[in-house]
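Summary of structural features
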Amino acid sequence: ETGVTQSPTHLIKTRGQQVTLRCSSQSGHNTVSWYQQALGQGPQFIFQYYREEENGRGNFPPRFSGLQFPNYSSELNVNALELDDSALYLCASSLGQTGSYNEQFFGPGTRLTVL
Amino acid sequence: KNQVEQSPQSLIILEGKNCTLQCNYTVSPFSNLRWYKQDTGRGPVSLTIMTFSENTKSNGRYTATLDADTKQSSLHITASQLSDSASYICVVSRGLGGYNKLIFGAGTRLAVHP
């Protein structure tokens, strides 16, 4: 186990709804990254938070937003859900930004199904 | 375009046999290359991280190689075990100054049969 936890484990929503996913980073880690992994694909980078500020973002629309709290836990919010948002959402924490040799530790993921 | 391509897409081997997975990338600027193991329904777990100057790195029965000139990497698994059945993902870190963006391959799905 990596020490990174995510909740909920599974979630079913309908198109147009909003969802909030949560992540608790490994103790001492100040950076959290979120990824979307469609079935049979590699994870796609959504965004990264470093010390409570977003400092990097992938090719995802503004309806994907996030927060990082003072204890470095994080939330991923998705508004106006679409069918294509169905995926495994992974959270990863690291000490420092995802640069040089900083290793990322992944949580088990949240499986989101949009009907 | 910054991409990571892996081959084969899937592989079946018998327990005890060796195998090699391939990764080609076109990511620039290059920072480092990582191999992850992902069990079904779980998050990826890091196996190795290599920088530009490292040609090979081992982690138990896993050995990764990197040729930064040809932009190729391989992951060799020795004496495979049933527990090696998983997806193996090649990830290249793109150095962008303030943070490094990770570019993931689609993975190779390995099945080890008894």
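Residues numbered from 1 in each chain as written. Chains lettered and ligands numbered in written order. Predicted model: local features only at pLDDT ≥ 70, side-chain atom pairs only at ≥ 80, totals over all residues. Heavy atoms only, no water.

Here's the deal with the sheet that holds strand β3 (residues 19-24) of chain A
The strands making up a sheet are joined through hydrogen bonds of the backbone, oriented either antiparallel or parallel. Residues and elements named next belong to chain A. What counts here: DSSP bridges decide pairing: two strands pair if at least two such bridges lie between them. By the criteria applied, helices consist of DSSP H or I runs no shorter than four residues and strands consist of E runs no shorter than two, each listed in order from the N terminus. All axes here are fitted lines through C-alpha atoms, helices being fitted over the stretch that makes contact, and every angle between N-to-C directions spans 0 to 180 degrees.
If you trace the four strands from one edge of the open sheet to the other, you get β1-β3-β8-β7, paired in antiparallel fashion. Edge positions in the sheet fall to β1 (5-7) and β7 (64-68), since each has one partner strand and no second. Neighbour-to-neighbour, the strand axes of the sheet open up by a mean angle of 20 degrees, direction not taken into account. The pairing of β3 with strand β8 (residues 74-78) spans five bridges and is classified as antiparallel. By the bridge assignment for β8, V19 is matched with V78.

Points about the pairing of strand β4 (residues 31-37) of chain A
Our working definition: For every residue, the accessible area (1.4 Å probe, protein chains only) is compared with the maximum for its type, and the residue is labelled buried under 20%, exposed over 50%, or partly exposed between those bounds.
Of all seven residues making up β4(A), seven are buried, and the element is well covered by its neighbours. Adjacent in sequence and paired antiparallel, β4(A) and strand β5 (residues 44-50) of chain A are bridged by six residues, among which G40(A) carries a positive phi angle near 80 degrees.

Some thoughts on the sheet that holds strand β6 (residues 56-59) of chain B
All names here are of chain B. Pairing within the open sheet is antiparallel, and its five strands lie in the order β1-β3-β8-β7-β6. Pairing within the sheet leaves two strands with one partner each, and these edge strands are β1 (4-7) and β6. Taken over all neighbouring pairs, the strand axes of this sheet differ in orientation by 15 degrees on average, direction set aside. Across six bridges, strand β3 (residues 19-25) lies against strand β8 (residues 72-77) in antiparallel orientation. When the bridges of β8 are listed, L21 appears paired with L75.

Details of the pattern of salt bridges
Residues and elements named next belong to chain A. Rules: Salt bridge, as used here, is a side-chain nitrogen of Lys or Arg placed within 4 Å of a carboxyl oxygen of Asp or Glu.
The full count for this structure, using the stated rule, is six salt bridges over all chains. Here E54 makes a salt bridge to R57, at a shortest N to O gap of 3.4 Å. A relative accessible area of 38% places E54 in the partly exposed class. The class for R57 is partly exposed, based on a relative accessible area of 28%. When the shortest N-O distance is used, the salt bridge between R63 and D85 registers 2.8 Å. With R63 in the loop between β6 (53-57) and β7 and D85 in the loop between β8 and β9 (87-94), the pair connects residues that are 22 residues apart, well separated along the chain. Members of the salt-bridge network, linked through shared partners, are R63, E82 and D85.

Focus: the state of the cysteines
All names here are of chain A. In plain terms, the rule: In what follows, a disulfide is any cysteine sulfur pair within 2.5 Å.
Using the criterion set out here, one finds two disulfides over all chains in the structure. The disulfide bridge from C23 ends at C91, spanning 1.7 Å between sulfur atoms. Between C23 and C91, the disulfide has an S-S torsion of -50 degrees and is therefore left-handed. With a gap of 68 residues between them, C23 in strand β3 and C91 in strand β9 connect regions that are remote in the sequence. Accessibility assignment for this pair places C23 and C91 in one class, buried.

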